[in-house]
Structure formats: C-alpha cells, structure tokens
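One-letter residues, chain by chain:
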Amino acid sequence: MLIVKRIFQFFLILAIFSSLGLKQAQAAKKLPNILWITSEDNGPHLGCYGDAYATTPNLDRLSKKGLRYTKASSTAPVCAPARTTIISGIYPPATGSEHMRSMTHLPKKFKMYPAYLRELGYYCTNNSKEDYNLREDGKVWDESSRNAHWKNCPEGKPFFSIFNLTISHESQIRNRISPSNKIHDPNKARIPDYHPDTPEVRKDWAQYYDRITMMDKLVGNTLKEIKDAGLAEDTIIFYYGDHGSGMPRNKRWPYFSGLNVPFIVHVPEKYKHLAPTDYKAGGTSDRLIGFIDLAPTVLSIANIKPPSHLQGHAFMGKHIDKSPEYSYGFRGRMDERYDMVRTVFDGRYIYIRNYMPHKIYGQFISYMFKTPTTRIWNEMHKSGKLNDAQSKFWQTKPAEELYDLNNDRDEINNLAKSKEHEDIIKSLRRAHVKWVKDVRDIGFLPEAEVHSRSKKDSPYEMGHDSNRYDLDNIFQAANIATRLGKKNTEKLPKLMDSNDSAVRYWGAMGYLIRGKSGLRKGRKFLVNALKDESPSVRIIAAESLGRYGNKKESKLAADLLIKYADPKENGISLSMLSLNAIDYLDEKASHHKETISKLPKLDPNADPRTRNYAGNLIGKIMSDLK
C-alpha cells in the first residue's frame, strides 16, 4: 500500500507541475514580444520632436505610428546611474548606487526586472551594455552579450530584447567621422546660450547630429529585422535615449537638457488593450514618465503586478498607474569628482537643489575634457572672453535654482529668488523634501560610509534602519550646512558635536562651504575634527583648513590628506575624497609632490570600471604642481 501511495503522490505532483507548465505556456502565447531600442547620449534632437536640423527618417516614421512622449526623463544625466534606475526600478540614491561605478547591491529578496519576466516565460536578452552600479545577484538575463538576440529565442516563448546603440555616445562626438556621414553644416547648428559660438563648438554640435543620423540608420535596421521576421504585429516597441546629449553641461548635469530623453512607444493593434490610456498613432503625451517607471511598466505589460518596493509608476499594461505629479532627478559623484544635486520637475519648472554649492558646475573631469567644446570653453573662461551666461558653468553654485522651461529653454535665468515665483519654488521644495524621505535617500552619507554602514546587508536596508541611518537629523544637518546666513552658521558647532558622524560631516562641510569666513568661525572645531573617528569628517575638515588656513594649518591638513590618498591602502572612496581635497590645495601640497607622484593609481578591490579615477586625480594634481 505504501508503494502504491507513493506512486500516486508522484503522479499527482507530476500532474500539478505539468498543469502549471501548460498554463505558463498558454499564458506565454498570449504575451507580446517586447523590443527596446536604446541610443546613448542624445536628447530629443530628432525630426519628430520638431528639430529641423536633425535627419532621422526611421525614428520619424516610428513616431508617426506610435506615441511620442515629450517630457520623459532619465532621472540621471549619465549612463551608469540612469541604467541602474532602469534595472532595479528603485532610485539609486535609495540603494547607494548614485555614484558612477559605485557598485553596491540590492537586498537579497529584490530582483532585477528581467528575472521576473524570465520566471513568467520570457526569453530575455541584452545586446549588450549593462553598466549598472549594482551587482547582479543570480541570473538576470538569458543572454547579455554582443551576440544576444531575440532570434535565439526558443520556439513558443515570447521575448524581451534590448539593443543598445553606442554610435551616438559622447566619445563619438570627438572621434573621426567619414566624409560621407558629415551631412550637417556646422554653420547652421543651433548653439545654446550657455556655449560660446566658436568653430570648435559648431563642429562638435554638427557631428553630434551626424552621429544621431547614423544611429537612426541602425534603428531602421533593427526595425526591419522584426518586420522581415513577420513579428511586427506581435511586438511592442520602445525607443529611448539613455540621457541627454553628450555635449558638456548636458551630460552629467541634471538640468532638463541633461535629463530629457526622446521616448517613443509603438503598440500593434493586437495589443492595443495594453497601450497607454492616451495612446494614439502619431500622437504625443505630456505625461511625466521616467526611467524609474520602466521596470513597473514592462512588468505591467506582462500582466505582472509590480512589486511594492518598485518606486515608479506603470504607464501602460494591465496594472497602469496614475500619472505622477513630479519627475525627480539627481547627480552624485561623476567619475572622479564629488557632487550632490537633486531635482524636481513639474512639467514646466525644474527645481535644482545643490548640496555642494562650493564646487563649480564644470569640475575638471578627465573624460569630459577630451571633448573639444569643453576645452575651448574653459580656455575662453580663463581668458575672460565669455559673457555672463557662458561663464556660469565655471563658477560655484547657489543652493537653489529654478528654471521656467516655457520661457527659458537653455535654463540660464535662475528664478530661485524671484518674488513672482515664491509659491512655485516652495511647492517644488516641499516635493523634494517629501521625495527624500519617501525613498530614504542615503546620498547624504559620505560614499565611504554608505559601504561601511551597510556591511551586514545592503545600503537599501541600512537606509531603512533608523538606528544606522537617522535621515531626519542628517537631512536637517545638510540643509543647515548648505544654506548660508547667520542663523545657520551659528548652528554648525552643534553639528560638530553630534554623535552621528554624518551630521559631523555636514558640519565640517558647512564650514568649508563658507570659505574663509567659515574657517574664522569654525577654526577650533575643524582642528579638533582632524582627529575625528570618521575619516570622511577628517578629510573635509582638512580641506577647509588646507584651503583657507594659515601656513601651519595648511601643512597640518596636507599631511593628513596624504595619508588617505593611497587607493590601495584606503580604498577608492576615501582616496578620491582625499585627492579631490589635495587638488584644491594647489601649491600648499607641493611638499608632498614626490609622494603623490609615487602613489598607486589603482585600488585592487575596486570595480575595474573605477580603475582610472584615482589616477586621473593624481595626474591632474601633478600637472598643476609643475
């Protein structure tokens, strides 16, 4: 009887699994194929977006039979954080992954969105760029390589495939281009008000448009493959850029020009029930959508209810969500240079909150300075040949900025202090504060502490643990530190006396932001902070003393900073923080010139993609000390 019972149980279990497999297969047959075509480093500079200078026939045709979004946002103005937003469905400031190639990880119970699709039966491919700031835990893609293709999909399965086009990348603006592809006349290029009008700048803008035309041809090839395979009526198609243009002050900077991306969706008749509510062939949508919305949207298309930890809004599919009131953006460390910016966009106005206003907009980033426009722009600034709008990029920042995109497309007229716009900036400021607290933004920690405080689990989980991350007090400290005025300055000593190293970090930052005045008022606190238990606090205090102190204080500061400059010994985060500070000291660090020249340029434990960052800083410092 026992044997018969076990045989019965075996066949029962087999029947259940067979039934589940059959149901999954039946469900898969009803699911649409999904094709994503992405292009790198280009904003909505396409014919279908009304740009008469652009030559983009294939995307124009796609737009005529699809829906074109006019206010789509990448959430970050540079590739890795933007792509991290997409793959996780969580804002990188909530996962500690806002910094370029910072490499953190998600909680173990969270999955990257392709894993959910694969569980449903989708064949998921990525060709081929990933560039996430999050480590992959488990299998994410069926294939992610230059050979990945929907054509390899097993019979009977739906596919989800990404093709990433790199031909429009920032690096291609400065690379040689064949004469046959030079079709845009530099003399007819529109030069934004913030760029100087020079032959070099015109050439870069013209080649940027040439590269977009080359990208458009590749889009046409990918669409033709789908059509020739007879899959056009079974495939939902997305096209979007991965952030704004690769030109300086667009890429890496969260003005709308750095965040706004072209975004087109085509839904075949067969799947119109999954289309956005405002879908109309050849139509446009002003709905605010962003990369934060892509994970929940693609899951919604596949009839998967988006997990509650995803922070975006599905804009199509069976689980479509209401339109958000605001779109949010951010900027963290860009390659080797630290910064911290948050943005809010309401469809017309963009609000920018600068948490490191003492740093200029156009910090020297080695990779960015390879573009001719950047170099000539900087040289003209040093020679005093720029007007006020063009000079701004090479100056320090205000704590707040506000721009009216309806009347100021180049975002050069800051309305933050305009009495006529008081209600608007108050509203957007409140939205920013609410967002910081809703997502538990851990970008208010120095990067090294994001890692040290989350050793036992993940930065996301640490950020949701008030014992390890007291957001209210740290956020209040950041606001005090970054807003000038007597009342806030008088609060800095209390910050320096806090039990929380992040609060002390912002206290030291507050004195640094205030420059010479800050040093006069906070000298004893900064000197004491050189012995702080947190290396990040010590480094910021040393930067203030080194830049604005007397000879004795500058030497004391430089001697401390050099101890943290070695990436091999201290790790890449502390090394970059220290080397950035040393770079500001200029000749005050000259007695360490030989030591700096011999520093190792690599942290063997860092992600390979960060391998050049310390070396870039060391090279810049040595160049300045010659």
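Calculation notes
- Residues numbered from 1 in each chain as written.
- Predicted model: local features only at pLDDT ≥ 70, side-chain atom pairs only at ≥ 80, totals over all residues.
- Heavy atoms only, no water.
- Helix = DSSP H or I, 4+ residues; strand = E, 2+ residues; numbered from the N terminus.
- Contact = heavy atoms within 4.5 Å.
- Pairing = 2+ DSSP bridges.
- Axes fitted to C-alpha atoms, helices over the stretch in contact; angles between N-to-C directions.
- Buried < 20%, exposed > 50% of the residue type's maximum accessible area, 1.4 Å probe, protein only.
- Polar contact = N/O pair within 3.5 Å; in protein donor to acceptor, adjacent residues only side chain to side chain.
- Left-handed = near helix turned anticlockwise from the far one by under 90°.
- Patch = residues over 30% accessible without salt bridge, like charges linked within 9 Å, V, L, I, M, F, W, Y side chains within 5 Å.
- Areas by Shrake-Rupley, 256 points an atom, 1.4 Å probe, with all protein chains shown as cover.
- Salt bridge = Lys/Arg side-chain N within 4 Å of Asp/Glu carboxyl O.
- Lys, Arg positive; Asp, Glu negative; His and termini not counted.
- Charge placed at Lys NZ, Arg CZ, Asp CG, Glu CD.
- Core = buried A, V, L, I, M, F, W, Y, C linked by side-chain atoms within 4.5 Å.
- Phe/Tyr/Trp six-rings, centres within 6.5 Å; stacked < 30°, edge-to-face > 60°.
- Lys NZ or Arg CZ within 6 Å of the ring centre and 35° of its normal.

## Structural notes on the environment of Gln363
- Take Gln363: it is sitting in the loop between β13 (349–354) and α10 (372–382).
- For the pair Gln363 and His149, spaced 214 residues apart in sequence, the C-alpha to C-alpha distance is 40 Å.
- Residue contacts for Gln363: discarding those within four places in its chain leaves Arg331, Arg337, Tyr338, Asp339, Met368, Phe369, Asn580 and Tyr584.

## Details of the environment of Ile618
- Structurally, Ile618 can be placed in helix α25 (residues 613–624).
- When sequence neighbours within four positions are dropped, the list of residues in contact with Ile618 reads Leu579, Ile596, Leu599, Pro600 and Lys601.

## Observations regarding the sheet that holds strand β9 (residues 283–285)
- If you trace the eight strands from one edge of the open sheet to the other, you get β5-β4-β6-β1-β7-β8-β2-β9, paired in mixed fashion. Pairing within the sheet leaves two strands with one partner each, and these edge strands are β5 (143–144) and β9.
- One ladder, built from seven bridges, connects strand β1 (residues 33–39) with strand β7 (residues 235–241); its direction is parallel. Note that in β7 the partner of Asn33 across the bridge is Thr235.
- Taken strand by strand, helix α2 (residues 57–64) contacts β2 (67–69), β7 and β8 (263–266), and its axis lies near 55° from that of β8.

## Focus on the side chain of Thr374
- Here Thr374 is to be found in helix α10.
- The class for Thr374 is buried, based on a relative accessible area of 0%.
- There is a polar contact of 3.0 Å between the side chain of Thr374 and the backbone oxygen of Met368.
- In this structure Thr374 touches Pro248, Met368, Phe369 and Trp394, once residues within four positions along its chain are discounted.

## Quick look at the packing of helix α12 (residues 422–439) against helix α15 (residues 471–482)
- The N-to-C vectors of α12 and α15 enclose an angle of 140°; their axes lie 11 Å apart at closest approach. In this structure, the crossing between α12 and α15 has a hand that is right-handed. Touching His432, Val433, Val436 and Lys437 of α12 are Leu471, Asp472 and Phe475, all from α15.

## Re a positive patch on the surface
- On the surface, Lys486, Lys516, Arg520, Lys521 and Lys588 cluster together to form a positively charged patch.
- The class for Lys516 is exposed, based on a relative accessible area of 57%.

## A few points about the nonpolar core
- Of all hydrophobic cores here, the largest spans 191 residues; its most connected members are Trp36, Tyr113, Phe160, Phe238 and Trp506.
- When residues of this core are assigned to their parent elements, the largest contribution, 10 residues, is made by helix α7 (residues 199–228).
- Once residues lying within four places of it in the same chain are set aside, the contact partners of Phe238 are Leu35, Trp36, Ile37, Phe263, Ile264, Val265, Leu294, Thr297, Ile301, Phe315 and Met316.

## Considering the packing of aromatic side chains
- According to the stated counting rule, one finds 39 aromatic pairs in the structure shown.
- Measuring from ring centre to ring centre gives 5.5 Å for Tyr328 and Trp435, while their planes differ by 15°; the resulting arrangement is stacked. With Tyr328 in strand β11 (residues 327–331) and Trp435 in helix α12, the pair connects residues that are 107 residues apart, well separated along the chain.
- Taking relative accessible area as the criterion, Tyr328 reaches 14% and is therefore assigned buried.
- Ring plane angle 10° and centroid distance 6.3 Å describe the contact between Tyr511 and Phe525, whose orientation is recorded as stacked. Placement of the pair is Tyr511 in helix α18 (residues 501–513) and Phe525 in helix α19 (residues 515–529), with a sequence separation of 14 residues.
- For Tyr511, a relative accessible area of 1% gives the class buried.
- Residue Phe525 is classed as partly exposed on the basis of its relative accessible area of 22%.
- By way of ring pairs, the aromatic residues Trp36, Tyr69, Tyr113, Trp141, Phe160, Phe238, Tyr240, Phe263, Phe291 and Phe315 are connected into one cluster.
- Over the aromatic face of Tyr194 sits the side chain of Arg249, whose NZ or CZ is 3.9 Å from the ring centroid.
- A cation over an aromatic ring shows up here: Arg249 above the ring of Tyr255, its NZ or CZ 3.9 Å from the ring centre.

## Examining the pairing of strand β12 (residues 341–345)
- Counted residue by residue, β12 has five buried out of five residues, so it is predominantly covered.
- Alternating positions in β12 separate into two faces, Val341, Thr343 and Phe345 on one and Arg342 and Val344 on the other, with burial throughout.
- Here five bridges tie β11 to β12, and the two strands are oriented antiparallel to one another. Each bridged residue has a counterpart across the sheet, and for Arg331 the counterpart in β12 is Val341.
- Judged from the five bridges that link them, β12 and β13 form a sheet pairing that is antiparallel. Each bridged residue has a counterpart across the sheet, and for Phe345 the counterpart in β13 is Ile350.
- Here β12 hands over to β13 after three residues, with Gly347 in that stretch at a positive phi of 105°.

## Description of the sheet that holds β12
- Strand order in the open sheet formed by four strands is β11-β12-β13-β14, with antiparallel pairing between adjacent strands. Each end of this open sheet is capped by a strand with a single partner; those strands are β11 and β14 (400–404). The sheet shows a mean angle of 15° between the axes of neighbouring strands, direction not considered.
- Contacting β11, β12, β13 and β14, α12 runs over the sheet at an angle of about 60° to β13.

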